[in-house]
Amino acid sequence: AIGQVTVHDYGLISANSSLYDQQGIDNFGTMRSVVRRRGVNGSLIASFIASKVFRVHDKKGMYTKNIDRMIFTTEYVKRFFRARGWRGDKGMVIPYAVDLEGVDKKPQADDGFILFVGDLHKSKGVHVLLAAARQTGLPIKIIGDGPARNNLMAQAGAMTNVDFLGALPRKDALDHMRRARMTVMPSVGLEPFGLVALESQGVGTPVIVSKIAGLSEVIVHGQTGLLVNPDDVQQLAMAMQRLWDNPQEAQHMGQLGKRRFESVYSMDRHVGKLMGVYEGLVSESS
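We now turn to the structure provided with this report. Model, not experiment: these values are computed from the prediction.

## Thoughts on the sheet that holds strand E10 (residues 207-210)
Adjacent strands of a sheet form backbone hydrogen bonds with each other and so pair up, either parallel or antiparallel. Taken together, the six strands give an open sheet; going across it, the order is E8-E7-E6-E9-E10-E11, and neighbouring strands pair in parallel fashion. Each of the sheet's edge strands pairs with one partner strand only, and the pair in question is strand E8 (162-166) and strand E11 (225-228). Between one strand axis and the next, the sheet turns through 20° on average, direction left out of account. Relative to strand E7 (residues 140-143), strand E6 (residues 114-117) runs parallel, the two sharing four bridges. Directly across from Ile-114, in E7, lies its bridge partner Ile-140. Contacting E6, E7, strand E9 (182-185), E10 and E11, helix H8 (residues 233-245) crosses the sheet at an angle of about 165° to E11.

Right, dumping it as structure tokens:
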């Protein structure tokens with residue numbers, strides 16, 4: 001049998017597929033580490049069972065046996081798998097693509113707000129964004145829902161510059177993205193990729209992202225957005241203020257991002273690369 005798999009997370013090398021738990025990043029993700037840190041749902045029993053199952057499958061080679069081709073979405077994840085002693089196909093890098101057919105183009109002037117779109121989970125770093133919002137007083141809109149929502153709303157307290165919009169349909173989220181001055185992805189977890197950063201560039205809005213894992217590969221610092229150190233409130237606040245005070249620079253970055261999206265992340269390019277992989281697999285099997 002010929003199998004091809006696209007790697008979306010770290011589930012093939014760890015029982016904790018996000019490598020993030022209540023204590024933060026788990027750089028090891030080994031059975032001992034996941035159990036000790038209660039890395040699966042904060043539960044000792046769940047962590048032990050998940051780790052035991054993962055170890056049995058790993059020893060039997062169930063994760064590698066039926067995989068002939070692996071596709072990684074970023075160079076970071078490919079390197080990470082290699083560093084962790086992955087024994088299967090070393091794979092190739094094909095970034096995600098998103099279809100923005102029919103989505104409206106960015107207006108000349110933005111509507112004067114900063115946007116976050118994503119799960120309200122501790123790993124997404126929204127708590128860092130709120131701290132930066134408190135420092136700067138800049139208007140923030142937050143789209144999404146998740147387990148950290150109540151904590152984040154409590155952190156925001158009576159701040160009048162922060163607006164929680166809840167989960168919205170993709171069309172509405174993209175419309176907000178198009179009208180924002182910038183999108184912010186302040187993740188503190190090992191993001192394998194950054195689809196929101198990709199979509200934001202696609203609609204012509206610059207992105208501020210954490211310089212972490214695969215996320216930092218999705219933008220070009222100083223051209224299509226800005227990179228900031230994860231968990232660095234001061235640096236994030238300064239980056240936000242920079243683009244806020246310079247709407248023309250923000251607009252220029254947005255235009256460069258849109259150009260890069262159309263050349264590097266187009267659906268045609270993505271499909272072409274995938275077809276190349278499948279054709280290679282078929283010719284090897286015949």
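## A few points about the packing of helix H6 (residues 170-179) against helix H7 (residues 195-202)
Packing of H6 against H7 brings their axes to within 9 Å, and their N-to-C directions diverge by 60°. In terms of their interaxial angle, H6 and H7 are classed as oblique. As H6 runs across H7, the sense of the crossing is right-handed. For the pair H6 and H7, the contacting residues are Arg-170, Leu-174 and Met-177 in the first and Val-196, Glu-199 and Ser-200 in the second. Taken together, the residues of the contact of H6 with H7 break down into three nonpolar, one polar and two charged.

Reading the values: rules and limits
Along each chain, residue indices are assigned from 1 in the same order as the chain's sequence is written. Side-chain atom pairs in this predicted model are given and counted only at pLDDT of 80 or more, local residue features only at pLDDT of at least 70, and totals for whole chains, interfaces and linings cover all residues. Side-chain numbers here rest on the full set of heavy atoms in the structure, without hydrogens or water. Strand pairing is defined by DSSP finding a minimum of two bridges between the two strands. Where helices and strands are cited, they refer to DSSP runs of H or I of at least four residues and of E of at least two residues respectively, numbered from the N terminus. Every axis corresponds to a line fitted to the C-alpha atoms, with the helix fit spanning only the stretch in contact, and the corresponding angles, defined between N-to-C directions, vary from 0 to 180 degrees. Throughout, a residue-residue contact means that at least one pair of heavy atoms, one from each residue, lies within 4.5 Å. Between 65 and 115 degrees an angle is taken as roughly perpendicular, under 35 as roughly parallel, over 145 as roughly antiparallel, and anywhere else as oblique. By definition, turning the near helix anticlockwise from the far helix through less than a right angle yields a left-handed crossing, and turning it clockwise yields a right-handed one. When residue character is reported, Ala, Val, Leu, Ile, Met, Phe, Trp, Tyr, Cys and Pro are called nonpolar, Asp, Glu, Lys and Arg charged, and the others, Gly included, polar.

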